[in-house]
Amino acid sequence: MFRRIHLGASAAFILSLLATVYLAPSAGQTAPLEIRARAHVFPEVGAGLIAIRRDAAGHYYVVASPASTVQIFSADGKRIGQIPDASIQDSNSQDAKKNSKVVFAADFDVDSGGRVIIADRGANAVKIFAADGSLSRAIPIPAPTSVAALPGDEFAVTSLRYRWLMGIYGYGGTLVRAIGQAEDFTHGADARHTPDLGRVSSDPAGNLYFVFLFLPEPTMQRFDRFGFAGNEIALDESAAAAHHHELFSSDSDDSLRSIKPQINALAVDPITQEIWIAVGSALHRFDKNGTAIGFYQTLSPSGAPLVPKAILVEPDRLLLGSDAWGIFDFPRPAKANTGAPAR
């Protein structure tokens, strides 16, 4: 099932004025429901948030600047550890210390067994850590940008060096399969002119969710773990981009003035497979088939627009992390606001 969600023509204009403003609804689209953060959580986590995850035991894992460790928190928000574990490093050889060091964690995930998989872009490797914080494997992968755990001791990874969308690797380090040639999903865009095709996420069932960064409109494609494409969600920004360029262009055609909105955060409900997509501070909610079931604007506790960099969906709440302010607890809204009609 393929769906496109249309946003308003004024969206790019608004984004050019304030990066934190939501994308305005078009005619026929329900206005966003404002949802305000209830509390600032994990106060030790400051600016530079990259990702947040939760394991089956209810522990929270967070990576933030300088992205050299994964911080571990208990269910009540107390810090209880980190990966790599410094005490384990001290007992290892010099070679082991060097390999277990995280240079820059561009992304990470936690599998069903509690193992932590880190896309260490600074080390050109994906590193797999056991639940106790010790390094199990370092797999050479050039410039990894995102990683997602899969069933069967496999993971998906994206890279600045790949010309396919993602690679699937076994934990032993073998490339099992490559998924998606970029040209099959270009929709008229030229993927050869971008070094960064997109990001990958997964759900417990093994479905993969790929966010395209080179397309002219915010787009997500779902795949099964074997690479078969499922439904697509595209937030149509072509009209907005054209309107913005018309407003701001001068006699000399300066293409740098145009703004290209992108998906800045995505998460999947591990139970229902609902898909949550943030573009600016607009939060779009879809069921597992790609049907819009919610449209919100996210606000900080003081009422300022909050742009999610990371989303964690829980049964009774949302955790939204911003790049500048850290992580906030939001009420999980009811499915009353359906957003834009699908095409």
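The rules behind these values
- Residues numbered from 1 in each chain as written.
- Predicted model: local features only at pLDDT ≥ 70, side-chain atom pairs only at ≥ 80, totals over all residues.
- Heavy atoms only, no water.
- Helix = DSSP H or I, 4+ residues; strand = E, 2+ residues; numbered from the N terminus.
- Buried < 20%, exposed > 50% of the residue type's maximum accessible area, 1.4 Å probe, protein only.
- Contact = heavy atoms within 4.5 Å.
- Areas by Shrake-Rupley, 256 points an atom, 1.4 Å probe, with all protein chains shown as cover.
- pLDDT = per-residue confidence, 0-100.
- Pairing = 2+ DSSP bridges.
- Axes fitted to C-alpha atoms, helices over the stretch in contact; angles between N-to-C directions.
- Salt bridge = Lys/Arg side-chain N within 4 Å of Asp/Glu carboxyl O.

**Examining the overall build of the protein**
Okay, so step 1: Check the secondary structure of the protein and you find four helices and 26 strands.
Okay, so step 2: Residues classed as buried in the protein amount to 52% of the 343 residues present.
Okay, so step 3: Here the analysis covers contacts within the protein between residues at least 6 apart in sequence; of these, 49% occur between residues at least 24 apart.
Okay, so step 4: By element, 53% of the accessible surface of the protein is carried by carbon and sulfur atoms, the whole surface being about 14500 Å².

**As for the confidence of the model for the protein**
Okay, so step 1: Of the residues in the protein, 78% reach a pLDDT of 70 or more, and the chain-wide mean stands at 83.
Okay, so step 2: Contacts from residues 1-24, a stretch scored under 50 in pLDDT, to residues over four places away or in other chains number 88 contacts.

**Description of the sheet that holds strand S24 (residues 308-313)**
Okay, so step 1: In spatial order, the strands read S3-S26-S25-S24; together these four strands make up an open sheet with antiparallel pairing. For this open sheet the edge positions go to strand S3 (39-41) and S24, each flanked by a neighbour on one side alone. For this sheet, the mean inter-axis angle between neighbouring strands, taken without regard to orientation, is 30°.

**Describing unusual backbone geometry**
In most cases, non-glycine residues show a negative phi, while peptide bonds are predominantly trans.
Okay, so step 1: Put simply, Ser65 and Pro66 share a cis peptide bond, and its omega is 15°.
Okay, so step 2: Within the secondary structure, Pro66 is located in the loop between strand S5 (60-64) and strand S6 (70-73).
Okay, so step 3: Residue Ile83 is joined to Pro84 through a cis peptide bond whose omega torsion reads 0°.
Okay, so step 4: Here Pro84 lies in the loop between strand S7 (79-83) and helix H2 (86-90).
Okay, so step 5: You will see that Asn124, though not glycine, has its phi angle at about 55°, which is positive.

**So, the pattern of salt bridges**
Okay, so step 1: This structure, assessed with the given rule, holds 15 salt bridges.
Okay, so step 2: In this structure, the salt-bridge partner of Arg115 is Asp111, at a minimum N-O distance of 2.8 Å.
Okay, so step 3: Take Arg115: its relative accessible area is 26%, and that puts it in the partly exposed class.
Okay, so step 4: The exposure class assigned to Asp111 is buried, which follows from its relative accessible area of 7%.
Okay, so step 5: Residue Arg317 pairs with Asp329 through a salt bridge whose shortest N-O separation is 2.8 Å. Linking Arg317 in strand S25 (residues 317-322) with Asp329 in strand S26 (residues 326-331), this pair joins segments that are twelve residues apart in sequence. This pair shows no difference in class: Arg317 is buried, exactly as Asp329 is.
Okay, so step 6: Within this structure, Arg38, Arg54, Glu314, Arg317 and Asp329 form a network of salt bridges that share partners.

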